Amino acid sequence: QLQASGGGLVQAGGSLRLSCAASGRIFSIRDMGWYRQAPGKQRDLAATITSGGSTSYADSVKGRFTISRDNAKNTVYLEMNSLKPEDTAVYYCNAGLRPYATGPWGYYWGQGTQVTVSS
């Protein structure tokens with residue numbers, strides 16, 4: 001239900017833009033976010049955005065990453081600038097959504113997209 005794209009290989013100091021589109025049965029989406037998992041490490045939050053557009057960032061990406069969303073397209077973006085080798089990870093998108101008006105909220109994950117930053 002969540003399809004992420006935009007990862008790749010980039011040199012340090014470069015930029016990438018990730019996208020994640022939610023599809024299928026969707027009544028409403030609230031928070032959307034990006035998490036990342038480096039090899040041998042736990043999955044950590046990178047950035048989140050509420051349905052109203054309020055954002056929050058991990059300290060390690062503040063000032064370099066920008067999260068945004070297009071509610072009409074059910075899509076969340078992550079603009080990553082000034083990339084560092086330590087940003088290398090699999091990036092996962094996440095969304096809290098409700099498939100039906102009367103159904104429960106659930107959190108869903110995208111399949112992950114690899115970002116590799118070379119020094």
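Residues numbered from 1 in each chain as written. Predicted model: local features only at pLDDT ≥ 70, side-chain atom pairs only at ≥ 80, totals over all residues. Heavy atoms only, no water.

1. Concerning the pattern of salt bridges
Thinking step 1. Per the counting criterion, the structure on display carries four salt bridges.
Thinking step 2. A salt bridge links Arg 17 to Glu 79; the nearest nitrogen and oxygen atoms lie 3.7 Å apart. Within this pair, whereas Arg 17 is found in strand 3 (residues 16-22), its partner Glu 79 is found in strand 8 (residues 75-80), the two being separated by 62 residues in sequence.
Thinking step 3. The salt bridge partner of Asp 59 is Lys 62, with a shortest N-O separation of 3.2 Å.
Thinking step 4. On the accessibility criterion, Asp 59 (65% relative accessible area) is exposed.
Thinking step 5. Each of Arg 36, Arg 64 and Asp 87 takes part in one network of salt bridges that share partners. (Salt bridge = Lys/Arg side-chain N within 4 Å of Asp/Glu carboxyl O. Helix = DSSP H or I, 4+ residues; strand = E, 2+ residues; numbered from the N terminus. Buried < 20%, exposed > 50% of the residue type's maximum accessible area, 1.4 Å probe, protein only.)

2. Some remarks on the pairing of strand 4 (residues 28-37)
Thinking step 1. Where strand 4 lies against strand 9 (residues 89-98), eight bridges are found, and the strand directions are antiparallel. Note on strand 9: the bridge partner recorded for Met 32 is Ala 95.
Thinking step 2. Note: strand 4 against strand 5 (residues 43-49), six bridges, orientation antiparallel. Residue pairing across strands places Tyr 35 opposite Leu 45, the latter belonging to strand 5.
Thinking step 3. Linkage of strand 4 to strand 5, two consecutive antiparallel strands, is achieved through a turn of five residues, within which Gly 40 is found at a positive phi near 75°. (Pairing = 2+ DSSP bridges.)

3. Brief notes about the pairing of strand 5
Thinking step 1. Looking at chain direction, strand 5 and strand 6 (residues 55-57) are connected through three bridges and run antiparallel. Bridge assignment links Ala 47 to a residue of strand 6, and that residue is Tyr 57.
Thinking step 2. Adjacent in sequence and paired antiparallel, strand 5 and strand 6 are bridged by five residues, among which Gly 53 carries a positive phi angle near 100°.

4. Describing the state of the cysteines
Thinking step 1. For the structure shown, the criterion picks out one disulfide.
Thinking step 2. Here Cys 20 engages in a disulfide with Cys 93; their sulfurs sit 2.0 Å apart. Residues Cys 20 and Cys 93 share a disulfide whose torsion about the S-S bond is about 55°; that sign makes it right-handed. One end of the pair, Cys 20, is in strand 3; the other, Cys 93, is in strand 9, with 73 residues separating them in the sequence. Considered together, Cys 20 and Cys 93 belong to a single accessibility category, that of buried residues. (Disulfide = S-S within 2.5 Å.)

5. Regarding unusual backbone geometry
Thinking step 1. Even without a glycine there, the phi angle at Asn 74 is positive, about 55°.
Thinking step 2. With respect to the secondary-structure elements, Asn 74 resides in the loop between strand 7 (65-70) and strand 8.
Thinking step 3. Assessed through its relative accessible area of 24%, Asn 74 is described here as partly exposed.
Thinking step 4. In this structure, Ser 82 is a non-glycine residue whose phi angle is positive, near 50°.

Take it as geometry only, folks, not as evidence of what the structure does.
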